[in-house]
Amino acid sequence: QVQLVESGGGSVQAGGSLRLSCAASGTIFSIGHMGWYRQAPGKQRELVAVVTGGGQLIYDDSVKGRFTISRDTAKNSVYLQMNSLKPEDTSVYYCNANIRQRSFIAYTPYWGQGTQVTVSS
């Protein structure tokens, strides 16, 4: 089995910073893209940022210049540094990874349990 464990959420005032971490563990042959999504109450889950298997960084326009995604391949981990946080960034943030457990098995998407980020004005 595969698990994605997130940490680093919390409450901060507008303009503050938080760093989210996500580590994948279990039976892992390889990992494709890793990224972060968020979902606010009553809204659909949306992409925040992703690192592709080839190392390309993709950001939603709403976080460009404020958030930075990074990845540690050796640790099967992905991070999200969030600066200049705004109240509209308040959401549950979910880690996502496409993981192949065996060489002959296709990539499967996995999700973390979610971590709350609350930004007050």
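Higher on the page you've got the structure.
Since this is a predicted model, take the numbers as computed values, not measurements. Per chain, the residues get numbers from 1 upward, laid out in the order the sequence is written. Local features in this predicted model are restricted to residues whose pLDDT is 70 or higher, and side-chain atom pairs enter the listing and the counts only when it is 80 or higher, whereas totals over whole chains, interfaces and linings include all residues. Processing note: side-chain calculations cover all non-hydrogen atoms of the structure and skip hydrogens and water entirely.

Novice: What's the story with the sheet that holds strand β8 (residues 77-82) in this structure? I'm lost.
Specialist: On the basis of which strands lie adjacent, the open sheet formed by four strands has the order β1-β3-β8-β7 and antiparallel pairing. At either end of the open sheet lies a strand with only one pairing partner, and these are β1 (2-7) and β7 (67-72). On average, adjacent strands in this sheet sit at an angle of 15 degrees to one another, irrespective of strand direction. Whether two strands pair depends on DSSP finding at least two bridges between them. Helix and strand definitions follow DSSP, with helices as H or I runs of at least four residues and strands as E runs of at least two, each counted in order from the N terminus. Structural elements are reduced to axes, namely lines fitted to C-alpha atoms, with helices fitted over the stretch in contact, and the angle between N-to-C directions of any two is expressed from 0 to 180 degrees.

Novice: Even after reading the chapter, I still don't get the pattern of salt bridges, so can you show me in this structure?
Specialist: For side chains bearing opposite charge, pairing can occur when the charged atoms are close. Only one rule defines a salt bridge in this text: a Lys or Arg side-chain nitrogen within 4 Å of an Asp or Glu carboxyl oxygen. Applying the stated criterion across every chain yields a total of four salt bridges. Residue Arg38 is joined to Asp89 by a salt bridge in which the shortest nitrogen-to-oxygen separation is 3.0 Å. Of the two residues, Arg38 is situated in strand β4 (residues 30-39) and Asp89 in the loop between β8 and β9 (91-100); the sequence distance between them amounts to 51 residues. Judged on exposure class, the residue Arg38 and its partner Asp89 are both buried. Residue Asp61 is joined to Lys64 by a salt bridge in which the shortest nitrogen-to-oxygen separation is 3.0 Å. You'll find Asp61 and Lys64 in the same group, each marked exposed. Working definition: with a 1.4 Å probe on protein chains only, accessible area under 20% of the residue-type maximum means buried, over 50% means exposed, and in between means partly exposed.

Novice: When you look at the nonpolar core in this model, what are you seeing that I'm missing?
Specialist: Side chains of a nonpolar character, in soluble globular proteins, are inclined to be buried together. With 28 residues, the main nonpolar core has Trp36, Leu80, Met82 and Tyr93 as its most contacted residues. Every residue pair with non-hydrogen atoms within 4.5 Å of one another is taken to be in contact. When sequence neighbours within four positions are dropped, the list of residues in contact with Met82 reads Gly16, Ser17, Leu18, Leu20, Arg66, Phe67, Tyr93 and Val117. Among buried residues, those of type Ala, Val, Leu, Ile, Met, Phe, Trp, Tyr and Cys that are joined through side-chain atoms within 4.5 Å constitute a nonpolar core.

Novice: What am I meant to see in the packing of aromatic side chains here?
Specialist: Aromatic ring pairs are described here by two measures, namely the spacing of the ring centres and the angle between the planes. When the centres of two rings from Phe, Tyr and Trp lie within 6.5 Å, Trp using its six-membered ring, the rings pair. Their planes under 30 degrees apart give stacked, over 60 give edge-to-face, and anything left gives tilted. Taken as a whole and judged by the stated rule, the model has one aromatic pair. Plain terms: the ring middles of Tyr37 and Trp111 are 5.0 Å apart, the flat faces sit at 70 degrees to each other, and that makes the pair edge-to-face. Residue Tyr37 is found in strand β4, and its partner Trp111 is found in strand β10 (residues 108-111); the two are separated by 74 residues along the sequence. For a lysine, the NZ atom is tested; for an arginine, the CZ atom; a charge sits over a ring if that atom is within 6 Å of the ring centre and within 35 degrees of the ring normal. Across from the ring centre of Trp111, 4.6 Å away, lies the NZ or CZ of Arg45, which sits over that ring.

Novice: How should I be thinking about the pairing of strand β3 (residues 18-26) in this particular structure?
Specialist: Remember that side chains alternate between the two faces of the sheet whenever the strand is regular. As defined by bridge partners, β1 adjoins β3 across six bridges and the pair is classed as antiparallel. Along β3, the bridge assignment pairs Val5 with Ala23.

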